[in-house]
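Chain and residue survey
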Amino acid sequence: MTANTKKAILSPIKIGNTILDHRVVLAPLTRLRASVDAVPTDMMLDYYTQRASKGGLLLTECTAVSPTARGYPQGPGIYNKKQIEAWRKITDSVHKKEGKLFLQLWHSGRTGKKALHPNEEQVVSASAITASGNGILGDPFETPRALEITEIKDIVNDFKQAALNAIEAGFDGVEIHSAFGYLLDQFINTSSNQRTDEYGGSVINRCRFTLEVVKSIVNAIGPERTAIRVSPGGGEIHSATEEFPIKTCSYLMTQLQENYPKLAYVHFMEYRTEESISENLASPYRSLWKGPIISSGFSSCSVDYAVEYAEKTGDLIAFGRLFIANPDLPERISHGYSVVRSNYSTFYTHEAEGYTDYPSYVVKSINEK
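The notes below deal with the structure included here. (Residues numbered from 1 in each chain as written. Predicted model: local features only at pLDDT ≥ 70, side-chain atom pairs only at ≥ 80, totals over all residues. Heavy atoms only, no water.)

A few points about the packing of helix H2 (residues 81–96) against helix H3 (residues 149–168)
Helix packing geometry: the angle between the two helix axes and the distance between the axes. Going by this rule: Lines are fitted to the C-alpha atoms to define the axes, a helix being fitted only along its stretch in contact, and any angle between axes, read from their N-to-C directions, falls within 0 to 180 degrees. Numbering of helices and strands runs from the N terminus, with a helix taken as a DSSP run of H or I at least four residues long and a strand as a DSSP run of E at least two residues long. When describing relative orientation, an angle under 35 degrees is termed roughly parallel and one over 145 degrees roughly antiparallel, while 65 to 115 degrees is termed roughly perpendicular and anything else oblique. Helix crossings fall into two classes, left-handed where the near helix is turned counterclockwise from the far one by less than a right angle and right-handed where it is turned clockwise. Any two residues whose heavy atoms approach within 4.5 Å are treated as being in contact. Side-chain classes are defined by residue name, with Ala, Val, Leu, Ile, Met, Phe, Trp, Tyr, Cys and Pro counting as nonpolar, Asp, Glu, Lys and Arg as charged, and the others, Gly among them, as polar.
Running from amino to carboxyl end, H2 crosses H3 at an angle of 40 degrees, the nearest separation of the two axes being 9 Å. The orientation of H2 with respect to H3, classified from their angle, is oblique. In the crossing of H2 with H3, the sense of the turn from one axis to the other is right-handed. Between H2 and H3, the residues in contact are Lys81, Ile84 and Arg88 and Asn165, Ile167 and Glu168, respectively. Residues belonging to the contact of H2 with H3 are distributed by class as follows: two nonpolar, one polar and three charged.

This is how it looks when you write it as structure tokens:
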């Protein structure tokens, strides 16, 4: 990999009220290192601190907005004081390194597990349709029940309170997770939403829940500290797919631009392969949403592809697996240092191995001498 000091990926950009020194972003990554009660741990403190850089943006893993939003064992939450206090330690540490940190707000919906809920409440979704296949831990998905309208309103409030909690915990902003077949995306996508009320049927109705969450959070913490993640077409890994992806996402982007043009950014997510690496997922929407864009899905490919993509588009680039194994990734990209690959078998364990034991390039080089 060649040095990239003059490339767009290492140039400053402003997202909302936050000024970044470069466009290398830590993608939101499920890692399951919180406590069994969803409280962030010292291990997580080390993980995020290791990956912080001056003027660099870190996005946290998906974080439950309520006790019944949980979907993964030892995934974190942001709905009680212990969690807020634990996250505060992490934000303080990242800020000491002059980094920036956004919290990803999330409800698992039908991909959740009732065993993680306080009273083993049944998982919920737009409709009583079970996701096909298995989750990331190999377990089959549970059968959900359809949410009542009053419950939808309650969850909107859960997102708003979680955003307020995030600001109390010291985060620079929040990212609403409306992608990959989780709850908000389950309402957006035709395959998982067969409702006949105001939250189903038309594009307007299917996007209503997400837009209500955006409005509620913007009113609570301001648009400059609010962002959203989308995956046009849905989340195939959770079998929530969309019959009219461009039409649906275009409506969503139009609404965001018309009503919330000062949002920090829109994060477009897709899995990329060597064959699809040059595809511009956000292309149909760039004339509709005119604010900053984060593009992701590059970790299975060469860093050079991501660097050139940023050069062509000006986007911020969120790295997942590469940032796991290379905690100093912005520095490696800047100097053209080699990168190492991550060990997938350690992604969803609860140990330090494969989480906080990847060395920086400098440390690795010294140890090899």
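Regarding H3
Counted only if it meets this: Residue count minus one, scaled by 1.5 Å, sets the expected span of a helix.
For H3, built from 20 residues, the straight-helix expectation of 28 Å at 1.5 Å per residue is met to within 8% by its first-to-last C-alpha distance of 29 Å. Where H3 is buried, its residues touch H2, strand S5 (100–106), strand S8 (173–178), helix H4 (183–188) and helix H6 (208–221). One or two positions beyond H3, positive phi appears at glycine 170, with a value near 100 degrees.

With respect to the sheet that holds strand S3 (residues 24–26)
Picture the strands of a sheet paired through backbone hydrogen bonds; they go either parallel or antiparallel. Worth spelling out the cut-off: Two strands pair if DSSP finds at least two bridges between them.
What the eight strands build is a closed barrel, ordered S3-S4-S5-S8-S9-S12-S13-S14; its pairing is parallel. Going across the sheet, the axis of each strand differs from the next one's by a mean of 25 degrees, ignoring polarity. One ladder, built from two bridges, connects S3 with strand S4 (residues 57–64); its direction is parallel. Bridge pairing links leucine 26 to leucine 58 in S4. Across the sheet, helix H1 (residues 42–51) touches S3, S4 and S5, and the angle it forms with S4 is around 150 degrees. Against the sheet, H3 contacts S5 and S8, and its axis sits at roughly 160 degrees relative to S5.

Some thoughts on the packing of H1 against H2
The geometry of H1 relative to H2 is characterised by a closest axis approach of 9 Å and an angle of 25 degrees between their N-to-C directions. Between H1 and H2, the angle falls in the class roughly parallel. Crossing geometry of H1 relative to H2 is assigned as right-handed. Of the residues in H2, those touching H1 at Asp42, Met44, Leu45, Tyr48 and Thr49 are Trp87, Lys89, Ile90, Ser93 and Val94. For the contact of H1 with H2, the residue count by class is six nonpolar, two polar and two charged.

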